[in-house]
Amino acid sequence: APGPIERQVIFLKELRALWSMPQESIDAYFAANEVMGQDKITCRAEEDMVIDWYNVLNHFCALGNVEKMYIAPVLDAAAGNQENQRLFEEHMSR
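Residues numbered from 1 in each chain as written. Predicted model: local features only at pLDDT ≥ 70, side-chain atom pairs only at ≥ 80, totals over all residues. Heavy atoms only, no water.

Peer 1: In this structure, what is going on with the overall build of the protein? I would like to understand it.
Peer 2: Summing up its helical and strand segments, the protein has 4 helices and 0 strands in all. Mapped in sequence order, the helices and strands of the protein form the string α-α-α-α. Computed over C-alpha atoms, the radius of gyration of the protein comes to 16 Å, more than 25% over the 12 Å expected from 2.2 N^0.38 for 94 residues, which places it beyond the range of a compact globule. Overall, the protein is about 40 × 35 × 15 Å in size when its C-alpha atoms are taken along their principal axes. Residue burial in the protein is summarised as follows: out of 94 residues, 26% are buried. By element, 59% of the accessible surface of the protein is carried by carbon and sulfur atoms, the whole surface being about 6800 Å². Charge separation in the protein, taken as the distance between the mean sites of 8 positive and 15 negative side-chain charges, equals 7 Å. (Helix = DSSP H or I, 4+ residues; strand = E, 2+ residues; numbered from the N terminus. Rg over C-alpha atoms; globule rule 2.2 N^0.38 Å. Buried < 20%, exposed > 50% of the residue type's maximum accessible area, 1.4 Å probe, protein only. Areas by Shrake-Rupley, 256 points an atom, 1.4 Å probe, with all protein chains shown as cover. Lys, Arg positive; Asp, Glu negative; His and termini not counted. Charge placed at Lys NZ, Arg CZ, Asp CG, Glu CD.)

As structure tokens, this is what we get:
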């Protein structure tokens, strides 16, 4: 897991990526929300919208230290999300 300095570097890098992202990418992200609420993807255009959504979401997740795109259940209240992810994954692998 990255330390505090590395975490700040990652945060700034991802913030810059979002800030400099073309407006078309941001618009495509918001347009894709409609598809993300569906039960099933039915055509190639919807598949492309899912890709557009994840291309932006990935940067938001990295900002919040949620690089695995899920927030783990709290198994250790003193630990952060990354450590709880590790603990959860270890628990699930047994």
